[in-house]
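Notes for the structure review
What follows is each chain in one-letter form.
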Amino acid sequence: MSGRTHRHDLSPFTHEHHFASAGAGARSAALWQVTWVTLVAMALELGVGYWSGSLALTADGWHMGTHAVALGGAALAMHLSRRAGHSQRFAFGGWKIEMLAAYSSALLMVGVSLSLVWQAVQVLRDPQPVAYAQAMGVAAIGLGVNLLCAWLLARSAAPSEPQEHDHAHGHTHGHGPGHGDHNFHAAWLHVLADALTSVLALLALAGGLWFGWGWLDPAVALVGAAVIARWGWGVGAEAARALVDASRDTQRLAEVRRRLESDGDAKVADLHVWQVGPKAFAAAVSVVADAPLSPQAYRQRLLELHWLRHLTLEVHRCKRGIDEAGCD
């Protein structure tokens, strides 16, 4: 027997650790599209700005450049994540590369909000003359570009973002394009935040031009800064939790435990659930029972949990104590 070579078919027990959600390719393509749209708008604004001597147009051109960096970073992160998903160097695929991009985008949004606060305070302390008509033209250009980008992103996410009912949570998902994809959602919020600032700027500039309300421009900037900071904080908090495998979600844990212990004999001794992709989770479970079933039998109890994409399960027979009481 010692000289025999054992050959086993492992295909039923192996799988790729690439947990991309449906429509990831379309979302990635949309991110590259909006990156190029933003770069083209940046080049046009910088070229016309330097040619005409318009500081407002030049400043907005460089502002567009920062958004191109953020959007391009999100697109690059999706590309690197897909490559990492087929590499054994990454234990659970490259999803956390996208989380790093989402976290970076959140930091950039918070940085933008702080910059807006600083500029607004400076203007309130020392008001400066504003070329309202020229500034409104620049804001209108920025709004048009951002609305186009927002539409491209929303269109790419729409086919793959159905209203999905999560039985583990008892509610329906649907919180904006790519909500389950934190990296894509962060990029979309980034575009939305810039569109919001353009709308608020147009309102403030109109008030200054038509009614002489010079204070409205910095006041509206403070409102916009608060909204952007809140969005950035939310995205950053979600990404940070994913990066350190933390979660406020206890219902998934409870659902796994309830299903495994449904026969009244099995007890879950150790349970860990963490996120490994958009709407994809992994679990490591230790089950103890007086009359343990096969691991496959316990796996069958979790098949309806479609969010559970990777399961490591160990089964132990209960070690009875002196009183023969079992593992109650």
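So, a few notes on the structure that sits alongside this text. If you're wondering where the values come from, they're calculated on a predicted model, not measured in any experiment.

1. Description of the overall build of the protein chain
Across its full length, the protein chain holds 8 helices and 6 strands. Reading the protein chain from its N end, one meets helices and strands in the order α-α-β-α-α-β-β-α-α-α-β-β-α-β. Here the protein chain, with 328 residues, has 41% of them falling under the buried criterion. For the protein chain, the exposed area adds up to about 18,200 Å²; of that, 63% sits on carbon and sulfur atoms.

2. Thoughts on the sheet that holds strand E6 (residues 308-317)
An order of E4-E5-E6 is seen for the 3 strands of this open sheet, with the pairing classed as mixed. The open sheet is flanked by strand E4 (267-277) and E6, the only strands paired with a single partner. If you compare each strand with its neighbour and ignore which way they point, the axes differ by 10 degrees on average. Sheet topology places E4 next to strand E5 (residues 280-289); 9 bridges connect them, and they run antiparallel.

3. What to know about unusual backbone geometry
Negative phi values dominate among residues other than glycine, just as trans dominates among peptide bonds. Phi is positive for Asp245, which is not a glycine, with a value near 55 degrees. Its location among the elements puts Asp245 in the loop between helix H6 (216-243) and helix H7 (251-260). Overall, the relative accessible area of 41% leaves Asp245 in the partly exposed class.

4. Quick look at a nonpolar patch on the surface
Residues Val117, Val121, Leu124, Leu209, Trp210, Phe211, Trp213, Trp215 and Leu222 make up a contiguous nonpolar surface patch of roughly 910 Å² in combined accessible area. Going through the elements one at a time, helix H3 (95-125) and helix H5 (182-211) are the ones with two or more residues in the nonpolar patch. By secondary structure assignment, the location of Trp213 is in the loop between H5 and H6. The exposure class assigned to Trp213 is partly exposed, which follows from its relative accessible area of 39%.

5. What about H3?
Compared with an ideal rise of 1.5 Å per residue, which puts 31 residues at 45 Å, H3 spans 46 Å between its outermost C-alpha atoms and is within 8% of the ideal. Buried within H3 are the following residues: Trp95, Glu98, Met99, Ala101, Ala102, Ser105, Ala106, Met109, Ser113 and Ala120.

6. Observations concerning the packing of aromatic side chains
One pass over the structure, following the stated rule, counts 3 aromatic pairs. Judged by centre distance (4.8 Å) and plane angle (25 degrees), the ring pair of Phe211 and Trp213 falls under stacked. Relative to Trp307, the ring of Phe281 lies with its centre 5.7 Å away and its plane at 85 degrees, an arrangement referred to as edge-to-face. With Phe281 in strand E5 and Trp307 in the loop between helix H8 (295-300) and E6, the pair connects residues that are 26 residues apart, well separated along the chain. Comparing Phe281 with Trp307, the two get one shared label, buried. Through a chain of ring-to-ring contacts, three or more aromatic side chains come together here, namely Phe211, Trp213 and Trp215. Arg27 extends its terminal NZ or CZ atom over the ring of Phe184, reaching a point 6.0 Å from the ring centre.

7. A short note on H5
Taking 1.5 Å as the rise per residue, H5 with 30 residues should run 44 Å; its terminal C-alpha atoms sit 42 Å apart, in good agreement. Of the residues one or two after H5, Gly212 is the one with positive phi, at around 70 degrees.

About the cut-offs
Residues numbered from 1 in each chain as written. Predicted model: local features only at pLDDT ≥ 70, side-chain atom pairs only at ≥ 80, totals over all residues. Heavy atoms only, no water. Helix = DSSP H or I, 4+ residues; strand = E, 2+ residues; numbered from the N terminus. Buried < 20%, exposed > 50% of the residue type's maximum accessible area, 1.4 Å probe, protein only. Areas by Shrake-Rupley, 256 points an atom, 1.4 Å probe, with all protein chains shown as cover. Pairing = 2+ DSSP bridges. Axes fitted to C-alpha atoms, helices over the stretch in contact; angles between N-to-C directions. Patch = residues over 30% accessible without salt bridge, like charges linked within 9 Å, V, L, I, M, F, W, Y side chains within 5 Å. Salt bridge = Lys/Arg side-chain N within 4 Å of Asp/Glu carboxyl O. Expected span 1.5 Å × (residues − 1). Phe/Tyr/Trp six-rings, centres within 6.5 Å; stacked < 30°, edge-to-face > 60°. Lys NZ or Arg CZ within 6 Å of the ring centre and 35° of its normal.

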